[in-house]
Each structure stands twice: as structure tokens, then as C-alpha cells.
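# Summary of the model geometry
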Amino acid sequence: MARSLIQTVNQSNQTVAVNSIIGLGSTQRRFGCNCRLSGNAIEIEGAGYYTIDANVSITPTAAGAITIALFENGVQIPGAIAFTTGAAGVPEAVYIGTTVREGCNCDGASSITAVVIAGPGVVNNISVRVIKL
């Protein structure tokens, strides 16, 4: 079993502009002390590998591409990006899965956020799960 886990869910409609952080809602499941919800971010602390899974349902406010990415301490995590192209008012779903490595964490916890980086819309649902391996 994992040494630490958190799952957050937000099913409230959130109008999100480009380059805005998506609110993660509330903690649904939590085990251990290495992962915790802090505002609109999940903080991870402790050396090791962490897998991150994010499922997002978003309704575009205009036709075109919507791109969502995961960030660690304000820097986009390489490869942790998903996009879809949709029509205005039609919900679209995206999934992002990645793994990050935390070193000694001498500087404290790292902050993981989900950000809309292209195509504003209304986020209808977001579920994020982080597991320390």
C-alpha cells in the first residue's frame, strides 16, 4: 500500500480564465502525512516519487482548443498537459497523468496546481489524486 495518498474533488462550476488555477475543492480521501490540500494546491513533502492523476470536465466558452496543465511550484511539469478541441457550451473531458520526484525537501513542501493555459471555460468537475510510492 502507498505510504501517502490524497484525492480531492470539486464539482462546483468554476469560470476559469486563461492562466488561472483551478480550485481543487475538498479532500475526499487522505492517508498518511506526505500529501495535503492547501487552498487550490496539493502540497507534497518527503523524498520519493509521487504519481498524479487529474480528471477535468470543462465547458468551453468559445469554440476552439482548451489546454490544461499541471504545475509544480509555479513551473509546468514536463509532459503533464492535456488538450481538447470543442464547441462552445459542450462539455469536454481531459485526463492528465504524470509522476514527479521529490528530493530531500530541505526547502519544505512542493505545491501542485492545475492551470487552464489556453481556452477559457467553465470547469464542471475536477478530481485529482496524488499517491506517494
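The paragraphs below set out a description of the structure included in this document. Everything numeric in this text was worked out from a predicted model, so none of it was measured.

Reading the values: the criteria
- Residues numbered from 1 in each chain as written.
- Predicted model: local features only at pLDDT ≥ 70, side-chain atom pairs only at ≥ 80, totals over all residues.
- Heavy atoms only, no water.
- Helix = DSSP H or I, 4+ residues; strand = E, 2+ residues; numbered from the N terminus.
- Buried < 20%, exposed > 50% of the residue type's maximum accessible area, 1.4 Å probe, protein only.
- Lys, Arg positive; Asp, Glu negative; His and termini not counted.
- Salt bridge = Lys/Arg side-chain N within 4 Å of Asp/Glu carboxyl O.
- Contact = heavy atoms within 4.5 Å.
- Core = buried A, V, L, I, M, F, W, Y, C linked by side-chain atoms within 4.5 Å.
- Pairing = 2+ DSSP bridges.
- Polar contact = N/O pair within 3.5 Å; in protein donor to acceptor, adjacent residues only side chain to side chain.

## Concerning the side chain of Glu72
Tracing the backbone through its elements, the reader meets Glu72 in strand E8 (residues 64-72). One buried charge, Glu72, has no salt-bridge partner; the nearest side chain with opposite charge is Arg101, at 9.8 Å. Apart from the residues within four sequence positions on either side, Glu72 is in contact with Ile44, Ile77, Val100, Glu102, Ser110, Ser111 and Ile112.

## Details of the nonpolar core
One finds Ile22, Ile68 and Val130 to be the most contacted residues of the largest nonpolar core, which totals 28 residues. Listing elements by their share of this core, those giving two or more residues are strand E6 (41-44), strand E7 (48-60), E8, strand E9 (75-86), strand E10 (92-102), strand E11 (110-118) and strand E12 (121-132). If one sorts the elements of this core by residue count, E7 sits on top with five residues. Ignoring any residue separated from it by four or fewer positions in sequence, one finds Ile68 in contact with Ile22, Val56, Ile58, Ala80, Ile81, Ala82, Val94, Ile96, Val115 and Val116.

## Section: the side chain of Asn10
Residue position: Asn10 is located in strand E1 (residues 4-10). The class for Asn10 is buried, based on a relative accessible area of 12%. Non-local contacts of Asn10, meaning those with residues more than four positions away in its chain, are made with Gly23, Leu24, Gly25, Asn124, Asn125 and Ile126.

## Remarks on the pairing of strand E5 (residues 35-38)
The side chains of a regular strand alternate between both faces of the sheet. Pairing analysis gives four bridges linking E5 to E6, with the strands arranged antiparallel. Within E6, the position partnered with Ser38 by the bridge is Ala41. The hairpin turn running from E5 into E6, its antiparallel successor, is two residues long, and Gly39 in that turn takes a positive phi close to 65 degrees.

## Thoughts on the pattern of salt bridges
It is possible for side chains of opposite charge to pair when their charged atoms get near one another. One pass over the full model with this rule turns up three salt bridges. The network of salt bridges with shared partners includes Arg36, Glu43 and Glu45.

## Some thoughts on the pairing of E8
The element E8 is largely enclosed, with a buried count of seven among its nine residues. Looking at chain direction, E8 and E9 are connected through eight bridges and run antiparallel. Counted as the bridge partner of Thr67 is Phe83 from E9. Joining the antiparallel neighbours E8 and E9 is a turn of two residues, in which Asn73 adopts a positive phi near 55 degrees. Judged from the six bridges that link them, E8 and E11 form a sheet pairing that is antiparallel.

## Some details on the environment of Tyr95
Structurally, Tyr95 is set in strand E10. On the basis of relative accessibility, which here comes to 47%, the residue Tyr95 falls in the partly exposed class. The spacing of Tyr95 and Ile6 is 89 residues in sequence and 17 Å in space, taken between C-alpha atoms. Residues contacting Tyr95, with those up to four places away along its chain left out, are Asp53, Ala54, Asn55 and Ala82. Side-chain polar atoms of Tyr95 contact the side chain of Asp53, separated by 2.4 Å.

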